[in-house]
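What the coordinates show
Chain by chain, the residues:
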Amino acid sequence: MKAIEFNHVGKDFGAFTALKEVSFSVEQGDFFALLGPNGAGKTTLISILGGLTRASRGQTRIMGHDVASDYRAARRAVGIVPQELVFDPFFTVRESLVFQSGYFGLRNNDNWIDEILHNLGLSEKANTNMRALSGGMKRRVMVAQALVHKPPVIVLDEPTAGVDVELRQTLWEFIQRLNTQGHTIVLTTHYLEEAETLCNRIAMLKRGELIALEDKSTMLGRGAARTVELKLKPATLPERLQPLLLKQQESRFTLKLADCNGLEAILSELRAHDITIKDLAISQPDLEEIFVQMMHA
Amino acid sequence: MTGFYTLFYKEILRFWRVAFQTVAAPVLTALLYLLIFAHVLEAHVEPYPGVRYTAFLIPGLMMMSMLQNAFANSSSSLIQSKITGNIVYVLLPPISHFEFFAAYTLAGAARGIVVGLGVLLATLFFAVPPFAYPAWVVVFAILGCSLMAMLGLIAGIWAEKFDQLAAFQNFLIMPLTFLSGVFYSIHSLPPFWQAVSHLNPVFYMIDGFRYGFFGVADVSPWQSLAVVGFTLAILTVITLTLIKSGYKIRR
């Protein structure tokens, strides 16, 4: 069974098509990144998961439950942290979490609530009114609210937008722990290094269409070639290596590297000319470069 | 059931936390109406033989306050949640359409009834209406408040801005409640306005409620019950259909 399954899912708002026909699935245990520029349809897709938006076409399933025909089971299986900072100003942090548990049919959820509060650094704020919290603290409560029912699938829509470094670290530590315990995590973010560090699979959306879906390593190996930077003594490059040269700064040469096998050819050519390597660094294109390339393709 | 119970309890707590504004204020307003109208009209009007105007006015004011507050509770709660966005916390959980409907309706009705009791307690000092048929009092209080709470739900679902809700309140709810015989027996009206009053469901809520106190009214309590019950049934169907369809709430 897949954690999430989108099957030809589309959504129109009047004449505007927010999602064309998106099909993909998220496996159980994945740490999955959903990337794309603003307006690509990420939040629409997440809203369809949570039943906040109804798809114009296609089927969506969470842990095998259809979000429309079997909505109660589907909603029990997923915890969503919305992108907008929203809270109920009438209640304290603990009350908000107790109510949220009740909505999911859970009474006496105090032990788990205490554990979430502790893990998100909220224990001291448990009895503070939501209005009195800073933006970052409110964001933590939103994460807590999505976790009260221990959902097998956790969806975070830009959870770290406008959040300080400390919360990001606490949050990701906790989420990674939940992931190792078997929870499936879906994440949207504009901080691509977060996706690169945390996720094992990456999907990219552009103008309502899925343009890529791959394992992180495959995606990182894609498109832009690797480069190797060499510090050479003497500072000359053999004739046969000249076509590979991208940049030279004094004795530092940056060469194109199609794949790792190409390195052996470079090294033997240098040996043949008695050129010594003083320093060597191989750089991989990062997710950000690939993202920009794909979005402009 | 836990979902329903939690949402109901939260809605009760929401108005109870600000009871000064949601309960005490309408009680004071009703008291002011009583002081002024009773002072001006007590000597001139005897709505039913042997019934003092002040006593006559009390059930009317009670019902008016109850209906307005039942409406205000569900409508303002929903529109606030919609505008601040925290309605997502009710939409994401597996709460069924019926639980959603029942929780908002009953919490609105509960606020109406609490306000009604407050008005009764505050006005007892001026006149004690006889409780001729308490069962009718209870029946019309519950049905009337539930009906208005549903209307509040519909208005809260439909309105996208506070001024749309205010328009609903000022141009529909206020005229319906004021022109329903709160301050007078409709028998004192010219025939045309009597006929118009008979088209207003709120008239039957107040008339039936008043029958419970005095044992006399403008129409039979059974006729009032039939009208109120029928209106309630229609509104139940409309409200449930709206919630189920996700109209303006799930886009």
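Values in this document were obtained by computation on a predicted structure and should not be read as measured data.

Let us look at the overall build of chain A. On a plain count of helices and strands, chain A comes out with 10 helices and 14 strands. Over its C-alpha trace chain A gives a radius of gyration of 24 Å, far above what one expects of a compact globule, namely 19 Å for 297 residues. In chain A, which comprises 297 residues, the proportion classed as buried is 38%. Within chain A, residue pairs in contact and separated by at least 24 positions form 69% of the contacts whose partners lie at least 6 positions apart.

So, about the interface of chain A and chain B. You'll often see interface size given as the accessible area lost when the parts meet. Taken together, the contacts link 24 residues of chain A with 22 residues of chain B. For the side of chain A that touches chain B, the secondary structure elements donating two or more residues are α2 (71–76) and α3 (93–103) of chain A. Looking at the side of chain A that touches chain B residue by residue, the classes come out as 10 nonpolar, seven polar and seven charged.

Further remarks concern the domain arrangement of chain A. All names here are of chain A. Looking at the assigned domains, one finds that chain A contains domain 1 (4–220) and domain 2 (226–296). Each of domain 1 and domain 2 has a C-alpha centre, and these two points are 41 Å apart. Taken together, the contact between domain 1 and domain 2 spans 11 residues of the former and nine residues of the latter. Elements supplying a minimum of two residues to the side of domain 1 that touches domain 2: α7 (192–198), β9 (201–206), β10 (209–215) and α8 (216–220).

On to the environment of S74(B). Residues and elements named next belong to chain B. Topologically, S74 is positioned in helix α3 (residues 53–84). The spacing of S74 and A149 is 75 residues in sequence and 5.8 Å in space, taken between C-alpha atoms. Sequence-distant contacts of S74, that is, excluding residues within four places in its chain, are made with Y104, T105, G108, A149, G152, L153 and G156.

On to the sheet that holds strand β3 (residues 31–35) of chain A, then. Residues and elements named next belong to chain A. An order of β6-β7-β8-β3-β9-β10 is seen for the six strands of this open sheet, with the pairing classed as mixed. Among the strands making up the open sheet, the edge pair consists of β6 (78–81) and β10. When the angles between neighbouring strand axes are averaged without regard to direction, this sheet yields 15°. Sheet topology note: the β6/strand β7 (residues 153–157) ladder contains four bridges and is parallel. From the neighbouring strand, V78 faces β7, where its bridge partner is V153. Across the sheet, helix α1 (residues 42–50) touches β3, β6, β7, β8 (184–188) and β9, and the angle it forms with β6 is around 140°. Where helix α5 (residues 135–147) meets the sheet, it contacts β6 and β7, and its direction lies at approximately 165° from that of β6.

This part is about helix α2 (residues 19–41) of chain B. Residue and element names in this part refer to chain B. Compared with the 33 Å implied by 1.5 Å per residue over 23 residues, the 32 Å span of α2 between its first and last C-alpha is a close match. When the local axis directions of α2 are compared, the greatest deviation, roughly 30°, occurs at A25, which is followed within four positions by the proline P26. Listed as buried for α2 are V23, P26, V27, A30, L34 and A38.

Next up on the list: the nonpolar core. One broad rule of soluble globular proteins: the nonpolar side chains tend to lie buried together. Ranked by size, the top nonpolar core spans 140 residues in total, and within it L49(A), V155(A) and L67(B) carry the most contacts. Split by domain, the residues of this core number at least three in each of domain 1 (4–220) and domain 2 (226–296) of chain A. The contact partners of L49(A), leaving out residues within four places of it in the chain, are I4(A), T60(A), I62(A), V67(A), V78(A), I80(A) and V155(A). One finds L230(A), F253(A), L255(A) and L257(A) within the second-largest nonpolar core, a separate group that totals seven residues.

Procedures and definitions
Note on numbering: residues in each chain are counted from 1, in written sequence order. Each chain gets a letter, beginning with A, and each ligand a number, beginning with 1, in the order they are written. Owing to the predicted nature of the model, reporting of local features is limited to residues with pLDDT of at least 70; listing and counting of side-chain atom pairs is limited to 80 or more, with chain, interface and lining totals taken over all residues. Only DSSP runs of H or I with at least four residues qualify as helices, and only runs of E with at least two residues qualify as strands; both kinds are numbered from the N terminus onward. When we talk radius of gyration, it's over C-alpha atoms, and the globule rule is simply 2.2 Å times the number of residues to the 0.38. Partly exposed residues are those falling between the two cut-offs: more than 12 but fewer than 20 other C-beta atoms within 10 Å of their own, whereas 20 or more means buried and 12 or fewer means exposed, with C-beta atoms placed from the backbone. Each residue is represented by a C-beta atom placed from its backbone, and any two residues with such atoms within 7 Å are regarded as in contact. Residues are grouped as follows: Ala, Val, Leu, Ile, Met, Phe, Trp, Tyr, Cys and Pro are nonpolar; Asp, Glu, Lys and Arg are charged; all remaining types, including Gly, are polar. Note that the domain bounds reflect an automated or database-derived domain assignment. Here, a strand pair is defined by DSSP locating no fewer than two bridges between the strands. Working convention: axes come from line fits to C-alpha atoms, limited for helices to the stretch in contact. Angles between N-to-C directions cover 0 to 180 degrees. The span you would expect from a helix comes to 1.5 Å times its residue count less one. Working definition for bend: take the seven residues up to and ending at a residue and the seven starting at it, fit an axis to each, and measure the angle between the axes. Core membership is restricted to buried Ala, Val, Leu, Ile, Met, Phe, Trp, Tyr and Cys residues, and these are joined into a nonpolar core through C-beta atoms within 7 Å.

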